[in-house]
Amino acid sequence: MRVKQKTVGSDRQIMSHKSLWHRMKARWQLYMLLALPVTFIILFHYVPMGGLVLAFKKYDISKGIFGSPWVGFQNFIKFFNSYKFTEVLKNTLTISIYSLLASFPLPIIFALLINAFPGKKYKKIIQTTTYIPHFISTVVMVGIVLQLLNSRIGIYGQLYSLLMKEPATDIIGKGTMFKHIYVWSGIWQSTGYNAIIYIAALSNVDQDLHEAAKIDGASRFQRVLYIDLMTVLPTATIMLILAAGGIMNVGFEKVLLLQNDLNIGYSEVISTYVYKIGLARGMGDFSLSTAIGMFNSVVNFTMLVIVNFISKRLNGSGIF
Amino acid sequence: MKRWMRYGSSDKIFYGVTFLVLTFMFIIVMYPILFVLASSFSSGQAVTGGKVFLWPVDFSLEGYKIVFHNRDILNGFLNSVIYTVTGTCINICITMVAAYALSREDLPGANWIMLLFTFTMFFSGGMIPNYMLIQKLGMINTRWAIVIPGALGVYNLIIARTFIRNNIPKELLEAAQIDGCSDIRFFTAIVLPLSKAVAAVLVLFYGVGHWNSYFNPMLYLNSRELFPLPIYLKEILISNQIDPSTVADPELQMRIAQTADVIKYALIVVTTVPVMMIYPFIQKYFVKGVMIGSIKG
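Residues numbered from 1 in each chain as written. Chains lettered and ligands numbered in written order. Predicted model: local features only at pLDDT ≥ 70, side-chain atom pairs only at ≥ 80, totals over all residues. Heavy atoms only, no water.

Focus: the interface of chain A and chain B
With 90 residues of chain A at the interface, the matching set in chain B holds 94 residues. Between chain A and chain B, a total of about 8500 Å² is buried, with carbon and sulfur atoms accounting for 79% of that surface. Seen at the junction of chain A and chain B, the total is two salt bridges. In this structure, Arg27(A) engages Asp106(B) in a salt bridge whose closest nitrogen and oxygen atoms are separated by 3.3 Å. In this structure, the connection of chain A to chain B is made through 14 residue pairs in polar contact (both at pLDDT 80 or more). (Contact = heavy atoms within 4.5 Å. Buried area = accessible area lost by both parts, 1.4 Å probe. Salt bridge = Lys/Arg side-chain N within 4 Å of Asp/Glu carboxyl O. Polar contact = N/O pair within 3.5 Å; in protein donor to acceptor, adjacent residues only side chain to side chain.)

Observations regarding a nonpolar patch on the surface
A grouping of Leu159(A), Leu162(A), Leu163(A), Met164(A), Leu34(B), Leu37(B), Phe53(B), Leu54(B) and Trp55(B) is seen on the molecular surface, where their side chains present a nonpolar patch of about 920 Å² in accessible area. Contributing elements (two or more residues each) for the nonpolar patch: helix H11 (155–164) of chain A together with helix H2 (9–40) of chain B. The dominant element in the nonpolar patch, judged by the number of residues it contributes, is H11(A), at four residues. Here Phe53(B) shows up in the loop between helix H3 (44–48) and helix H4 (62–69). (Patch = residues over 30% accessible without salt bridge, like charges linked within 9 Å, V, L, I, M, F, W, Y side chains within 5 Å. Areas by Shrake-Rupley, 256 points an atom, 1.4 Å probe, with all protein chains shown as cover. Helix = DSSP H or I, 4+ residues; strand = E, 2+ residues; numbered from the N terminus.)

A short note on the side chain of Thr18(B)
Within the secondary structure layout, Thr18(B) lies in helix H2. With near-sequence residues (within four places) excluded, Thr18(B) lies in contact with Leu113(A) and Phe117(A).

Observations concerning the packing of helix H17 (residues 270–280) of chain A against helix H7 (residues 127–136) of chain B
It is the contact of H17(A) with H7(B), at a shortest axis distance of 10 Å, that shows an interaxial angle of 45°. Our classification of the angle between H17(A) and H7(B) gives oblique. Contacts from Ser271(A), Val274(A), Tyr275(A), Gly278(A) and Leu279(A) in H17(A) reach Met127(B), Ile128(B) and Tyr131(B) in H7(B). Class assignment of the residues belonging to the contact of H17(A) with H7(B) gives a composition of six nonpolar, two polar and no charged. (Axes fitted to C-alpha atoms, helices over the stretch in contact; angles between N-to-C directions. Parallel < 35°, antiparallel > 145°, perpendicular 65-115°, else oblique. Nonpolar A, V, L, I, M, F, W, Y, C, P; charged D, E, K, R; others polar.)

What to know about the pattern of salt bridges
Scanning the model with the defined rule gives 14 salt bridges over all chains in all. Of the charged contacts, one joins Asp60(A) and Lys63(A) as a salt bridge, the two residues approaching to 3.7 Å between their closest N and O atoms. The residue Glu105(B) makes a salt bridge to Lys170(B) at a minimum N-O spacing of 3.3 Å. Here Glu105(B) is found in the loop between helix H5 (71–103) and helix H6 (110–122), whereas its partner Lys170(B) is found in helix H10 (residues 170–178), with 65 residues between them in sequence.

A few points about the packing of helix H8 (residues 105–116) of chain A against H2(B)
Here H8(A) crosses H2(B) at 125°, and the two axes come no closer than 10 Å. Judged on the interaxial angle alone, H2(B) and H8(A) are oblique. The element H8(A) and its partner H2(B) pack so that their crossing is left-handed. When H8(A) is examined against H2(B), the residues Phe110(A), Leu113(A), Ile114(A) and Ala116(A) are found in contact with a partner set consisting of Phe14(B), Tyr15(B), Thr18(B), Val21(B), Leu22(B) and Met25(B). (Left-handed = near helix turned anticlockwise from the far one by under 90°.)

Focus on the environment of Val273(B)
You can see Val273(B) is positioned in helix H15 (residues 250–295). Linking Val273(B) and Gln135(B), residues 138 residues apart in sequence, is a C-alpha distance of 34 Å.

If you want it as structure tokens, here you go:
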């Protein structure tokens, strides 16, 4: 900021001499423009945050949120002590960590290869087609997964019986397969899209570095490793921090839609459990459901802050 | 070819491997899409018998005929169009206005207001408090519940704000101010016309979001006539419920049982095509938009 003030010079100095009130009054039209969006954010984001008090109360419809009696941490304790707690937490963490480990490096590798590949036209075709799955909606995606993995008529069923010479076994209903189906269908859908950011970062590589490395006899592979990879590292760090902030967020819609009675023991995650306790059946337990949801948000936010702190310590890049 | 000769042997191996990996990825991504397309144009027996691999077998439009004769699907399609168009319009207006005001560096407190917005990206009240709010506002089972609550996406706001900051020169603002141009007039006369590229990106992001949205409509709507397409899709694709009585033609009713799978494939194609059709037009801007968003994430 200080540097900026010096360069802008007299204009800035006059500005800062004026009182804050004057500067605000001069911009009254901008505040007017912001009135609606700010009201919006407060109404639809901060008011529900206030609704989190429900987690510490025993909700009584007749008394409303504020009239209901306080119960302290009773709702949280009820959740931690229920037999569902370990199952739901284990499923959530298994799916999300598996998903992170498998789907985080792939877009980077894909971007590095695309960037290093010399054929311009071929490159363009591959890049454009690999975005396509990103635009398929969750409902349709799950529909496609169920059709293609059908053990009788899907690609899976056909290839299996073609190669193994016997009818395929059902994998949709197999609980242990749930996480693989979830994670790999996600990778199919998002790798191309997630690579965009890295490809963009790679387009800013200093070409002099490549020239210098070439003169020193570095092969293309070595240049990918020592120049390109280093270039995308800061971007990758940011993406990792953001991913860590969502460690307890498993794609809720997709899990809900992929669930069936046979795999429920492996597919029930915190967010779907929140939904089922609170809203899916007629008379939900709003307080318990809010408490579980809040537990989820707090863990996420804490993870975000921790990973951000570590990353700032290690290499100076963070999101705040 | 000439270039290929110039590469050293280790580079040749590297490029060869790269080519193979990229081609492999291309096939993995494209094959399911082609399979769905081919199946949607095949006959019921061919699909149920597992005869389709890459090309339609016994070419037929039966699936599409049934899809277009189904009242539920037509109704859902219409509702989805309504939600997408109105929702996106509201989104664009509110996002551009907020992005412009927050892009101005001479606005006292802009950073604090921005913090108010960005915090909501990382922390939220959760499902139940949201539901209770919508209930309190009397929006349950109305179209408003679908288009209003998500009217401002903070991520998109950041994209638009960054775009305006980087693309509208400060000198333009100074010159306009000397000529006595007000802040609102500067927005409508200069910023908006110069922000078409970012508006296109926002249309794509918000529009696709509305078109594909499933959970909120499911949560907030009860009457079938208000349901958007994804809810009907879920019934047919995932819960395997296609009600023969919703198809007017009795002859078609008979055939539904035999063609259930073809119907599903046709339905997948019909609902995904609208999104795919706008994509090529916006593609150029879209990559830019993702890049802007990532720089100032």
